[in-house]
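Overview (structure and organization)
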Amino acid sequence: MIEFIEEEHIYLCDGVIIPSVSEILHFIFPDKYKNVDINILKKKAEYGLEVHEAIEFIEQDKMLPELDLNQQFSIKQYLRLKDKFNIKVQAQEQMINYKNIYAGRFDMIATINDVLSLCDVKTTAQLDKEYLSWQLSFYELAFMSMYGTKFEKLYAIWLPKKRYGELVEIERKPISELLKVLKKFEENRKEVEE
């Protein structure tokens, strides 16, 4: 059984802490946010979280929370993309784990123009496709191990501030590469623990 403890951002599998996809991504990209002020990162994370929650509300037919003008624009862009690409959400914010080795929570499974797709919603100014490729590929690997389903496509639903949103196809990483990184990550963790 997988549990998520929000305050500490940790995943427990049968009571044992296991790494998150975010931790693995930090291992792959250790300097990604090195020169960004912590307060700016927190502000951007809050902004993105509020947009994510608004999208969840839309998909659950709930009343939208209060949003600032930029967030309202992002939501209009989401609705435009939803209509243009026939995005039909199947699941949101689902926790997954890969053989009790790592866990995470993906943003969305949707059919996009009738194609089963795994999606991540991004509100960043720049879209880091390489980062997303690893992120979505790790989510897909975990999902496949749990349910036996592989997605036809991986997508970013990109909703940058004050710019038109885009649906961007993301290239998946081969499973062999994912397993290689996982092995290095585990070796590194053991070294740090010793």
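Summarised in this report is the structure supplied together with it. Quantities reported herein were computed from a predicted structural model and do not represent experimental measurements.

Time to look at the sheet that holds strand S8 (residues 166-170). If you walk across this open sheet you meet the five strands as S4-S5-S6-S7-S8, and the pairing is mixed. Of all the strands in the sheet, the pair left with one neighbour each is strand S4 (88-98) and S8. When the angles between neighbouring strand axes are averaged without regard to direction, this sheet yields 35°. Pairing analysis gives nine bridges linking S4 to strand S5 (residues 102-112), with the strands arranged antiparallel. Within S5, the residue paired with Lys88 across the bridge is Thr111. Seen against the sheet, helix H2 (residues 38-59) touches S4, S5 and strand S6 (115-122) and runs at an angle of roughly 125° to S4. Contacts between helix H4 (residues 129-147) and the sheet are confined to S4, S5, S6, strand S7 (153-158) and S8, with S4 contributing the most and set at about 80° to the helix.

On to the packing of helix H1 (residues 21-28) against H4, then. Across the interface, H1 lies against H4 with an axial gap of 10 Å and an inter-helix angle of 145°. The chirality of how H1 crosses H4 is right-handed. Contact residues: H1 offers Val21, Ile24, Leu25 and Ile28, while H4 offers Tyr131, Trp134, Gln135, Phe138 and Tyr139. A per-class count over the contact of H1 with H4 returns eight nonpolar, one polar and no charged.

Thresholds, definitions, all that
- Residues numbered from 1 in each chain as written.
- Predicted model: local features only at pLDDT ≥ 70, side-chain atom pairs only at ≥ 80, totals over all residues.
- Heavy atoms only, no water.
- Pairing = 2+ DSSP bridges.
- Helix = DSSP H or I, 4+ residues; strand = E, 2+ residues; numbered from the N terminus.
- Axes fitted to C-alpha atoms, helices over the stretch in contact; angles between N-to-C directions.
- Contact = heavy atoms within 4.5 Å.
- Left-handed = near helix turned anticlockwise from the far one by under 90°.
- Nonpolar A, V, L, I, M, F, W, Y, C, P; charged D, E, K, R; others polar.

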